[in-house]
Amino acid sequence: MKKNITVLFILLFHTLMGFGQVKFQTIAEKSDYKSTSDFKDVTDFIDLLKKSSPYLRVETIATSTEGRDLPLLIIANPLPKSPKDLLNDKRIVIYIQANIHAGEVEGKEASLMFARDLLSDKNPALLKDVVLLICPLFNPDGNEKINPLNRTYQNGPVNGVGVRYNGQFLDLNRDAMKAESPEVRGVMTNVFNKWDPSVFMDCHTTDGSYHIEPTTFTWMVNPNGDNSLISYMREKMIPEMSHNLLNKYKVENCFYGEFYDMMDPEKGWVLDASEPRYMTNYFGIRNRLGILNENYVYSDFKSRVLGCYNLIKSLLDYASSHKAEIKNMLVDVDNKTIARGQNPVVSDSFAIEYKVRAIPDKVTIRTYEADLVTDSTGRRNYKRSERQKDVTVPYYIDYYPTVNVKFPFAYILTTSDQEIIGLLKLHGIKVEKLVDLSRIDVQRFAISDLKGASRSNQGHYSNMIKGKFVKETIEFPSGTIIVKTAQPLANVAAYLLEPQSNDGMMTWNFFDRYLVPQWGMGYNPYPVYKVMERMELKTIPFL
């Protein structure tokens, strides 16, 4: 009798925990997609996941401004005790992130559902090839402000969503370079630098043009990353994922973008977000593969969640079957980046200005014609008609340099500002210091004009700078900070340190106090010098 009761109890436990047909559900599922999960709902669900499978460990990415932990689900078989266990492992590390904007909640629900369904298998085949990292709730403070009055134009959930900003009123998807939030600082330290994922997908909801497809996604685009990675995603990975998503999982989808002109879709479809302040573009300049997922705001909530769920499946299908190809490609690109820094040539450059052009292949969008209407205040807005129309149009996503500067052998910093050095190290950049007094041929940036923006952006009056590089020979004392570009994250270093970068420390005011004298006219020297030619620099690590 006792044995029968024990067996029944085990069967019941496995059924409740997901090994049977009845599974524990997310708030979205329980409410028939009328609601989304709050912080406690997410943590309670993760607690059930932990009880359901030996293949899950949960770590903390960061603690938010308001004191909430960002969970990191590590799903693997076997589970690595630390990233060191993966040094000779054939599996590929994939990172899924959701809810960076807490009004955009599909990824939160979909990633939790996917984790549950994956772990409900006693021996998931996927885990032979993949180590999966998931952060279902990257902006917990914004998520706790769930209210039906947020994003009222969005088609569900009717009981409301959170807000875009975090507890500091920062847009976390504009913080990847300046890294002022605990959330972004945490993901750099505890995911990007620690686990070094090969592929990262960031889940969002659109705010743009009208179309039928509930799921859209695209690749990283910044031209200061390695263009071979962009080409790989554009020509192979993303098209195959799209095909699989439609044909295997029956989810209509298109590449993410907006119409230049909703009244005239033939003008083209464009992705207008190229800077590395955006997380997926940032990941690209780290020499890794970044995917932006945008779920279509006017589709019903259930369709958006299930579309995102199946996009995760499509990504993992592709990554697991191409794991060796991807990992080898990333090693080659890292080695190429290091080799460039060891001996830069004239053609090695950094883009300080760039434009966008269409890729060779057009894209088909299942859109609706729009009408231009005037509201009671006299404001003119677009309104979707019921006139559905498929259009095949140019896709403007190929960002190409128009103004370049030469890529250096090393950068020399004449300030020991801990905020500046700390940001470099936070990104994972190797920072060194001179051992001896050294006389070095350098390029100095002579500032001719410096203006701050007229309107605050993320708490900053971002800078625009003009000037030119001047050749000089300068003695630098022992202890001077050196950043050599013979390292995998050289593109990130260049983006942060180049004076004319559109998303670096200069842009975000880190150097402001050093640039203008207290009295008199003119400007102080920009405190970062460039060593252009290979030379022997005797350095030690800056600890």
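Residues numbered from 1 in each chain as written. Predicted model: local features only at pLDDT ≥ 70, side-chain atom pairs only at ≥ 80, totals over all residues. Heavy atoms only, no water.

Student: Looking at this structure, how should I read the sheet that holds strand β3 (residues 92-98)?
Tutor: The strands making up a sheet associate through backbone hydrogen bonding, with each pair oriented either parallel or antiparallel. In space, the eight strands of this open sheet follow the order β1-β2-β4-β3-β5-β10-β6-β7, with mixed pairing throughout. With one partner strand each, in any of the chains shown, β1 (56-63) and β7 (253-255) form the two edges of the open sheet. Each strand axis lies, on average, 20° off the axis of its neighbour in the sheet, ignoring direction. Bridge analysis of β1 against strand β2 (residues 69-75) gives seven bridges, and the strand direction is antiparallel. Paired with A62 across the bridge in β2 is L70. (Pairing = 2+ DSSP bridges. Helix = DSSP H or I, 4+ residues; strand = E, 2+ residues; numbered from the N terminus. Axes fitted to C-alpha atoms, helices over the stretch in contact; angles between N-to-C directions.)

Student: How do you make sense of the confidence of the model for the protein when you look at a structure like this?
Tutor: Low pLDDT means the predicted coordinates in that region are not meant to be read closely. When pLDDT is averaged along the protein, the result is 95, and 96% of the positions lie at 70 or above. Contacts from residues 1-22, a stretch scored under 50 in pLDDT, to residues over four places away or in other chains number 22 contacts. (pLDDT = per-residue confidence, 0-100. Contact = heavy atoms within 4.5 Å.)

Student: Would you mind going over the pattern of salt bridges with me for this structure?
Tutor: Note that side chains of opposite charge can pair when their charged atoms are close. Going through the model one piece at a time under the given rule, you end up with 38 salt bridges. Its salt-bridge partner being R68, residue E66 comes within 2.7 Å of it at the nearest N-O pair. We note a salt bridge from R357 to D398, for which the minimum N-O separation is 2.9 Å. Taken together, the residues R357 in strand β11 (residues 349-358) and D398 in strand β14 (residues 395-406) connect sequence positions 41 residues apart. Each member of the salt-bridge network shares a partner with another, and the members are E104, R151, R164, D171, R174 and D207. (Salt bridge = Lys/Arg side-chain N within 4 Å of Asp/Glu carboxyl O.)

Student: Can you help me understand helix α12 (residues 490-497) in this one?
Tutor: Every α-helix winds through 3.6 residues per turn, so residues three or four apart in the chain are directed the same way. Burial runs high along α12: eight of the eight residues are buried. Listed as buried for α12 are A490, N491, V492, A493, A494, Y495, L496 and L497. (Buried < 20%, exposed > 50% of the residue type's maximum accessible area, 1.4 Å probe, protein only.)

Student: Is there a simple way to explain the nonpolar core in this structure?
Tutor: Generally speaking, soluble globular proteins have nonpolar side chains that are buried together. Core analysis: the biggest nonpolar cluster contains 151 residues, and Y95 and L289 have the highest contact counts within it. Ranked by residue count, the leading element in this core is helix α9 (residues 301-321), at ten residues. Membership of the second largest hydrophobic core comes to twelve residues, among which are A410, L434, Y529 and L537. (Core = buried A, V, L, I, M, F, W, Y, C linked by side-chain atoms within 4.5 Å.)

Student: I'm lost on the sheet that holds β11 in this one. Help?
Tutor: Judged by pairing direction, the sheet is mixed, and its four strands sit side by side in the order β8-β9-β14-β11 without closing on themselves. Both outer strands of the open sheet, β8 (258-259) and β11, are each paired with one neighbouring strand and no more. Of the pairings in the sheet, the one linking β8 to strand β9 (residues 269-270) comprises two bridges and is antiparallel in character. What sits directly across from F259, in β9, is W269.

Student: Where do I start with a nonpolar patch on the surface in this structure?
Tutor: A cluster of nonpolar side chains, contributed by M263, L372 and Y382, occupies part of the molecular surface with about 260 Å² of accessible area. We classify M263 as partly exposed; its relative accessible area is 42%. (Patch = residues over 30% accessible without salt bridge, like charges linked within 9 Å, V, L, I, M, F, W, Y side chains within 5 Å. Areas by Shrake-Rupley, 256 points an atom, 1.4 Å probe, with all protein chains shown as cover.)

Student: Can you help me understand the pairing of β14 in this one?
Tutor: Put simply, side chains in a regular strand alternate between the two faces of the sheet. Bridging between β9 and β14 involves two bridges; their strand directions are parallel. The residue bridging V270 from the neighbouring strand is Y396, located in β14. Alignment of β11 against β14, held across nine bridges, turns out to be antiparallel. If you follow E353 over to β14, its bridge partner there is V403.

Student: When you look at the pairing of strand β12 (residues 363-374) in this model, what are you seeing that I'm missing?
Tutor: Of the pairings in the sheet, the one linking β12 to strand β13 (residues 380-393) comprises eleven bridges and is antiparallel in character. Note that in β13 the partner of T374 across the bridge is R380. Hairpin connection, β12 to β13: the antiparallel pair is bridged by five residues, and G378 has positive phi, about 90°.

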